[in-house]
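Listed below are the residues making up each chain.
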Amino acid sequence: MTGTSISLDDCGSTASSAPIFISGVSLPEHTADVAASLAKARQDGFDYVVTSLPNTAPLTSHVAHVGKHRTDVTRVESKWWSTSVVGMVSDPDDGHSASRGFGSAGQSLINSLCRPTTSPEKRRESSRILWGGLEWASHMNIPAVILPSPTDDDSDEDEDMFDAAPCKPTSVANKAASRDYAQLVSAISTSSICTTSHVQLWIRVPLSMQAMQAFQLLLDRCDHSPSIGCMLHMDRNIEPGALPSMASALHAFLGAGNVKAVSWDTGNFLRNKKGFPTLSKSYQHIFSMVYGRLGRTVRTLVEGQLDARSDHGGASSRLHHLQYLRHLRSRAPLPSKLDSEEAVLETPYLDSLQSPLQPLGDHLEYQTYETFEKDPVKYSNYGEAIELALLDGLARGAYPAIKSVFTSLGRLKETSESLRERLEEASCHRDLGAIAEIDVKEVTILVVGAGRGPLVREAIAAVDRVTSISLLGTEGNVALHAKIIAIEKNPSAMLYLQSLRETEPSWNGAYDPGVPDLANGAREIVPGSSRISVIGCDMREATSHPILRKMIENQQARGDIVVSELLGSFGDNELSPECLDGVQKCGVLKDTCVSIPQSYTAFLAPVSSARLISEAKAQGFHPLNHCDGPGGSMVGVQRALETPYVVRCHAASQTHDEQACWTYTHPHVSKNDADTGKSSAEAAADVHNDRCAHLSFSSDPTNGSRNGCGYGAVNGDIVRAVEGSDIGATLTIHGLLGTFHSVLYESKRTKRTSTISIAPHSFSTGMFSWFPLYFPLKEVLRVPPASTINCSIWRKSDDSRVWYEWCAEVEKSGFILSTCSIHNPGGRAYHVKK
Ligand SMILES: C[S@@+](CC[C@H](N)C(=O)[O-])C[C@H]1O[C@@H](n2cnc3c(N)ncnc32)[C@H](O)[C@@H]1O
């Protein structure tokens with residue numbers, strides 16, 4: 001075989017710009033012949049094929065095996081085995097093909113290993129066959145092996161062999177069998193087959209509540225090994241009436257189930273008028289739901305028998321099934337969700353845990369600033385907020401007049417981009433040559449934590465915009481001039497700011513270069529311009545800098561507006577409260593000063609995600625600091641699970657609407673805002689920023705479906721689809737998702753508000769600067785229907801650190817069913833440096 005290969009690895013995509021849709025086919029007639037399967041499959045555009053794992057037992061009788069040897073092993077190069085073949089455990093009595101149907105392939109082999117009635121000899125033989133096949137998969141470097149379902153639908157016993165507890169009572173024997181299966185899967189996942197050769201185990205899970213619950217139990221029992229995932233098997237009809245309940249259960253499972261692949265059984269397709277395969281409306285909806293959420297990472301498989309008379313096109317006889325699935329993948333809204341530039345850029349970050357940035361304790365890198373500055377929403381919303389604040393300030397006469405300038409619109413147009421734009425608007429007919437007397441008012445803006453200056457840029461542009469709005473408005477004779485003071489403690493970012501100060505005309509645009517200096521050496525101030533000062537210091541120690549000391553000493557020179565972006569994924573976790581209180585305490589702000597942001601609120605919601613918890617556990621094997629050890633801070637899994645992580649969650653399900661934990665507002669109330677009798681600096685002096693929140697998330701039959709993975713805006717379509725869902729699934733909760741919502745500025749006068757948010761209910765679409773903060777839970781919570789999850793979170797601090805502690809419990813009818821310990825007590829595993 002020659003040609004290009006396609007990786008089955010997570011998040012792997014073909015190098016082309018084609019939509020990500022990695023599909024495979026299982027051809028029953030060729031399950032023991034990869035060469036023949038691949039030849040047919042690739043001709044039709046499938047990327048991989050399925051092969052049954054062989055019995056590698058030594059030959060006992062040559063005659064018995066004649067014609068049963070695999071010859072594909074000598075005909076197919078290793079690169080194909082490692083990229084384009086998935087193994088499948090099958091039953092020895094099926095020979096090389098799964099005659100019982102693919103849904104139950106390997107089931108009798110597993111049954112004989114897990115049923116108490118199996119004789120010891122049979123058990124030994126089955127074990128040898130299974131492990132031999134898996135060793136072979138590892139030897140061939142096959143990326144994944146399909147194992148049978150944890151529920152045995154074909155079982156001829158009274159009840160399913162593997163229980164789906166706690167929904168359905170099952171016999172003790174069956175429960176034991178399900179634990180036997182978990183023990184087997186756990187043994188495989190911790191063996192070198194998975195840990196050294198990295199074979200993934202795809203456990204087949206039919207789309208039934210019971211099977212999904214049984215699989216979650218299996219994952220719990222196997223300690224959420226990252227090697228164990230599921231292959232959702234779409235093999236049964238869904239009655240339209242059952243769709244809402246199924247959709248809400250599936251929402252939770254897309255997080256809890258570590259879904260690696262989806263298999264579409266040919267037997268489950270309908271035929272359209274022309275005889276081509278189609279799926280029912282219910283399945284079209286399921287398709288859109290699963291691929292809308294996981295389409296960038298999930299693999300697709302077409303499998304199942306065809307009746308002898310059917311030919312569905314192509315060399316594989318399943319080309320039309322593939323074409324139909326591709327058609328569903330190309331239908332709105334999937335391409336915009338999965339193939340947009342933003343979606344493609346995000347792909348490497350999906351479910352990848354990162355330590356939260358600490359811009360206060362550490363210095364950010366050049367590239368980090370550069371990446372943030374590409375955000376198309378954050379800065380424009382900040383610009384809008386500054387503009388609203390300036391307009392309100394002008395309206396209430398907050399800024400002192402510093403001089404009168406005699407000039408014309410024609411002259412001002414030369415220096416103001418926004419005036420040029422506004423004058424070009426068709427409706428604006430003004431006499432450009434008329435000389436008028438313009439009152440220039442001065443506003444002082446502090447940009448604290450200026451980084452490489454994007455907020456300074458927004459402030460300059462807002463001053464210019466507000467001036468042109470004012471000049472073209474009814475008053476027509478008031479303009480702004482801004483003194484902008486950029487404060488930054490990162491020396492390398494300071495260098496950048498200083499360079500901008502030297503080279504950017506708008507950063508030094510206070511003076512009109514076309515107008516000669518005045519007699520006293522001063523120069524003419526241009527209405528709408530800004531003059532920037534760059535100061536390198538910690539904003540909490542503003543008193544140490546001469547320019548700032550002068551401001552403190554002169555009430556009139558203090559800041560009218562303080563602009564900052566010190567927000568973390570959970571709002572306050574980058575210590576915005578401590579920094580902004582610090583500035584206020586120094587006394588550089590007027591009593592009337594406005595802060596942008598005005599407030600920020602932390603939100604929390606339970607999340608179900610097998611992927612996130614297994615990623616968090618994996619962190620325990622890579623101590624964050626190489627100095628950690630017995631004499632130092634905690635290492636290992638406990639520390640890893642008591643640490644919050646920033647993550648672009650993906651294989652995750654937010655199971656309840658998020659709730660507010662606490663809100664910080666700035667500046668603190670001074671004598672101007674209320675009759676406190678305190679100056680601005682005094683108002684910030686006694687502030688304590690420790691907080692705690694106790695939240696109760698009551699049972700929701702939709703399992704919070706509209707919140708998707710917890711990152712992105714709530715999805716109204718899903719709400720309609722799950723309406724009427726009445727059977728709550730048992731949920732598995734693996735942690736809490738922290739998000740924030742910030743009011744940058746609310747203009748009560750104009751009733752306009754500028755916000756930024758990553759909380760699903762108010763998500764700022766298109767903004768990518770923040771991903772949620774994931775707080776893992778050391779003990780997975782199983783939450784039966786109609787029970788409540790109680791979460792508590794504390795923000796604690798000492799002289800040098802701030803940290804969070806958190807815990808959660810499950811309550812039903814007044815009884816606590818389970819609880820987990822308080823995480824990170826005393827900040828023992830994680831803290832933010834003050
Ligand atoms: C999240 S970055 C934002 C930078 C920039 N405003 C932007 O939007 O791209 C926060 C910045 O605040 C700075 N910073 C944090 N705490 C500070 C403090 N106490 N004093 C001065 N600068 C601080 C950091 O160095 C960093 O440059």
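Residues numbered from 1 in each chain as written. Predicted model: local features only at pLDDT ≥ 70, side-chain atom pairs only at ≥ 80, totals over all residues. Heavy atoms only, no water.

### Remarks on the overall build of the protein
At step 1: In terms of helices and strands, the protein carries 24 helices and 28 strands.
At step 2: Restricting the contact set of the protein to residue pairs at least 6 apart, pairs at least 24 apart contribute 78%.
At step 3: On the protein, roughly 33,300 Å² of surface is accessible, and the fraction owed to carbon and sulfur atoms is 52%. (Helix = DSSP H or I, 4+ residues; strand = E, 2+ residues; numbered from the N terminus. Contact = heavy atoms within 4.5 Å. Areas by Shrake-Rupley, 256 points an atom, 1.4 Å probe, with all protein chains shown as cover.)

### As for the UniProt feature "binding site: S-adenosyl-L-methionine" (unreviewed entry) in the protein
At step 1: Sites flagged by UniProt as "binding site: S-adenosyl-L-methionine" (unreviewed entry) map to Y369, K378, Y379, E488, D538 and M539. None of the other annotated residues line the largest pocket; only Y369, K378, Y379, E488, D538 and M539 do.
At step 2: Among the structural elements, Y379 can be located in helix α14 (residues 378-395).
At step 3: Look past the residues within four positions of E488 in its chain and what remains in contact with it is Y369, G449, A450, G451, A493, M494, L497, I535, G536 and C537. (UniProt positions renumbered as here; feature names shortened; annotations may be inferred. 1 Å grid on protein atoms, 1.4 Å probe; cavity = no way out; pocket = protein on both sides within 12 Å on 5 of 7 lines; lining within 4 Å.)

### As for the packing of aromatic side chains
At step 1: Across all of its chains, the model carries 20 aromatic pairs by this definition.
At step 2: Consider the rings of W264 and F287, whose centres lie 5.6 Å apart with planes at 40°: the pair is tilted. With a gap of 23 residues between them, W264 in strand β7 (residues 259-265) and F287 in helix α9 (residues 281-294) connect regions that are remote in the sequence.
At step 3: Taken together, a centroid distance of 5.1 Å and an interplanar angle of 75° make the contact between F740 and W770 edge-to-face. (Phe/Tyr/Trp six-rings, centres within 6.5 Å; stacked < 30°, edge-to-face > 60°.)

### Comments concerning the site of the ligand
At step 1: Around the ligand sit 21 residues, and of these Y369, Y379, E488, D538 and M539 come closest.
At step 2: Y369 is positioned with one of its side-chain polar atoms (N or O) 2.6 Å from an oxygen atom of the ligand.
At step 3: Here a nitrogen atom of the ligand sits 3.3 Å away from a polar atom, N or O, in the main chain of K489.
At step 4: Protein chains shield 99% of the accessible area of the ligand, which is 590 Å² for the free molecule.
At step 5: Under a 2 Å grid-point criterion requiring more than half of the atoms, the pocket assigned to the ligand is the largest pocket.
At step 6: Among the elements of the structure, α14 and α17 (454-472) are those that each provide at least two residues to the shell around the ligand.
At step 7: A per-class count over the shell around the ligand returns 12 nonpolar, 3 polar and 6 charged. (Near = heavy atom within 4 Å. Polar contact = N/O pair within 3.5 Å; in protein donor to acceptor, adjacent residues only side chain to side chain. Sits in = over half its atoms within 2 Å of the grid points. Nonpolar A, V, L, I, M, F, W, Y, C, P; charged D, E, K, R; others polar.)

### Notes on the pairing of strand β27 (residues 815-819)
At step 1: Here strand β26 (residues 801-812) runs beside β27; their pairing, made up of 4 bridges, is antiparallel. From the neighbouring strand, E809 faces β27, where its bridge partner is T819.
At step 2: Here β26 folds back onto β27, and the loop between the two strands holds 2 residues, one of which, S813, carries a positive phi near 50°. (Pairing = 2+ DSSP bridges.)

### Re the sheet that holds strand β10 (residues 299-303)
At step 1: Spatially, 8 strands are ordered β1-β2-β3-β4-β5-β6-β7-β10 in a closed barrel, and the strand pairing comes out parallel. Across the sheet, the mean angle from the axis of one strand to that of its neighbour is 30°, orientation sign disregarded.
At step 2: The pairing of strand β1 (residues 23-25) with β10 spans 3 bridges and is classified as parallel. By the bridge assignment for β10, V25 is matched with V302. (Axes fitted to C-alpha atoms, helices over the stretch in contact; angles between N-to-C directions.)

### Side note on helix α1 (residues 34-44)
At step 1: For α1, the complete set of buried residues consists of V34, A35, A36, S37, L38, A41 and D44.
At step 2: Of the surrounding secondary structure, the elements contacted by the buried residues of α1 are β1, β2 (48-52), α2 (78-84), β3 (85-88) and α10 (319-330).
At step 3: At the N-terminal end of α1, a side-chain oxygen is found 3.2 Å from the backbone nitrogen of A35, two or three residues along, and the residue is D33.
At step 4: Positioned one or two residues after α1, G45 has a phi angle of 95°, which is positive. (Buried < 20%, exposed > 50% of the residue type's maximum accessible area, 1.4 Å probe, protein only.)

### Digging into the layout of surface pockets
At step 1: Considering only enclosed or pocket space, the largest pocket measures out at about 1,300 Å³ in volume.
At step 2: Around the largest pocket, the lining comprises 49 residues; the ones closest to its centre are L357, T368, T371, F372 and S769.
At step 3: Listing elements by their share of the lining of the largest pocket, those giving two or more residues are α12 (341-346), α13 (366-373), α14, α17 and β13 (478-488).
At step 4: Per-element accounting of the lining of the largest pocket gives the leading share, 6 residues, to α13.
At step 5: Of the residues assigned to the lining of the largest pocket, the class counts are 24 nonpolar, 12 polar and 13 charged.
At step 6: Composition of the lining of the largest pocket by domain shows at least three residues from each of domain 2 (366-565) and domain 3 (600-833).
At step 7: The volume enclosed by the second largest pocket comes to roughly 1,000 Å³.
At step 8: Mapped by element, the contributors of at least two residues to the lining of the second largest pocket are α9, α11 (334-338), α12 and α24 (716-722). (Points joined across faces, edges and corners; volume = space filled by probe spheres on them. Domains from an automatic or database assignment.)

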